Amino acid sequence: MNLFDDILRTHRGPATHTEGTFSFLNRSAWPASEGVRNLLESFFRRYPSSESAELKSKFETQFDSAFFELYLHELLLRLGCEVAVHPTLKGIGAKPDFVARFRQGQEVILEAAIATDRTDKERAGDARLNALYDAITSKTISPNFFLRLGPIPDPDAVPTPKKIRKFIKERIAGLDPDVVQRAVQIGCELPRWTYRDEGGFELEITAHPKPPESRGNPEIRPIGAYPGEVRWGDSRAVLKKSIDSKATKYGDLDTPFVIAVNAKWGTGRDVVAKALFGSNEFGDKSDGVWNPTRNTRLSGVLVSTVVPWSIHCAPLCLYHNSFAQRSCRENPWKIPQAIARDSGMQWLEGSNSAELFELPKEWPGERWDN
């Protein structure tokens, strides 16, 4: 069984805004996409055949979770482990993602988690915005101009994309890119319009002439600048929430237990350390994931920020729980690690992602096939 289809691929453009990652990877003719497919196929061949059909199905519906599970399985293999996928634990109904046994005999239970700060409402808003962006970029609505979109304060109020598309198309139709370019050169402003509807929704649209060599090319999207998105604070709360949701899932275990978290953003050392050990000094009053009386069943947290195109350069660090009932510090992890000491954090060096996965710095290749 293959993870991706054995087909002739001719699509050389980017994904649509509403397209899933698996769908895009499966049809993309980018050299980089081929590099990713080939690597994931090699991972998939080493995944247990008894579990492969379920994982393949999950790739198509829950890509982030499926990708991270396949990535972790391969990582454990490259750390020299024998890996059992979804094993049955004595006296426990739920099955963890992995049990890994190192060559020296040490075992560890590992559970995967995805850290995201998007609520269901925000994801629904994202879907509406992506449908709007696809409506604007589809077909040839603006073959000679890039469009800059103003801020959209309330995605819930986005109207039917068809109306905005028609609005833009009507105004673009009367513009000559060469005339606009000459006007800008002598100090005139770029063409700008504001779409308004009866519901109070407003969207400012600015047109920028494309360079002559880019005009009329359907592979070049007309949206040149999207509405900005600002994140306040850091990812501590998101990391804590994702870890807490898994920390007590299997009860009292007789084997070290590690949660592996794939965080979308904010995995700097200081941020992760504060999420785990708290914003205060390490001790009884810590407001982090663990302290002497909280989450002591959890041996450590493995943190990364990895996507299919960044396997060769994704950061990796295993943070050990100083208060764990069962430590896994003696395991030959090979990867960077962090241990809390009375004097502060001790950072242990280890193999980076390129070394572990044996990938060159130029992997996975060019996105655009020249």
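Here, the structure is the one placed above.
Just so it is clear, the structure is predicted and the values come from calculations on it, not from any experiment.

Draft legend 1. Just the overall build of the protein, in detail. For the protein, the helix and strand inventory stands at 10 helices and 12 strands. Its C-alpha atoms give the protein principal-axis dimensions of roughly 70 × 50 × 35 Å. Burial statistics for the protein: of 370 residues in total, 46% are counted as buried. Expressed as a percentage of contacts within the protein between residues at least 6 apart in sequence, the contacts between residues at least 24 apart total 64%.

Draft legend 2. Quick look at the pairing of strand β8 (residues 257-263). With seven of seven residues buried, β8 is to be regarded as a mostly interior element. The side-chain alternation of β8 yields two buried faces, one formed by Phe257, Ile259, Val261 and Ala263 and the other by Val258, Ala260 and Asn262. The pairing of strand β3 (residues 107-115) with β8 spans seven bridges and is parallel. Bridge pairing links Glu111 to Ile259 in β8. In the sheet, β8 pairs with strand β9 (residues 300-304) via five bridges, with the strands oriented parallel. Directly across from Val258, in β9, lies its bridge partner Gly300.

Draft legend 3. Focus on the pattern of salt bridges. As enumerated under the stated definition, the model contains 16 salt bridges in all. The salt bridge involving Arg171 is made with Glu170; its shortest N-O contact spans 3.7 Å. Glu202 is the salt-bridge partner of Arg196, the closest N and O atoms lying 3.0 Å from each other. Take Glu202: its relative accessible area is 43%, and that puts it in the partly exposed class. Members of the salt-bridge network, linked through shared partners, are Arg46, Glu74, Arg78 and Glu358.

Draft legend 4. Just the sheet that holds strand β12 (residues 344-348), in detail. The eight strands are arranged β1-β2-β3-β8-β9-β10-β11-β12 in an open sheet whose pairing can be described as mixed. With one partner strand each, in any of the chains shown, β1 (82-85) and β12 form the two edges of the open sheet. Strand-to-strand twist across the sheet, computed as the mean angle between neighbouring axes with direction ignored, equals 25°. Bridge count for strand β11 (residues 337-341) against β12 is five bridges, and the pairing is antiparallel.

What counts as what
Residues numbered from 1 in each chain as written. Predicted model: local features only at pLDDT ≥ 70, side-chain atom pairs only at ≥ 80, totals over all residues. Heavy atoms only, no water. Helix = DSSP H or I, 4+ residues; strand = E, 2+ residues; numbered from the N terminus. Buried < 20%, exposed > 50% of the residue type's maximum accessible area, 1.4 Å probe, protein only. Contact = heavy atoms within 4.5 Å. Pairing = 2+ DSSP bridges. Salt bridge = Lys/Arg side-chain N within 4 Å of Asp/Glu carboxyl O. Axes fitted to C-alpha atoms, helices over the stretch in contact; angles between N-to-C directions.

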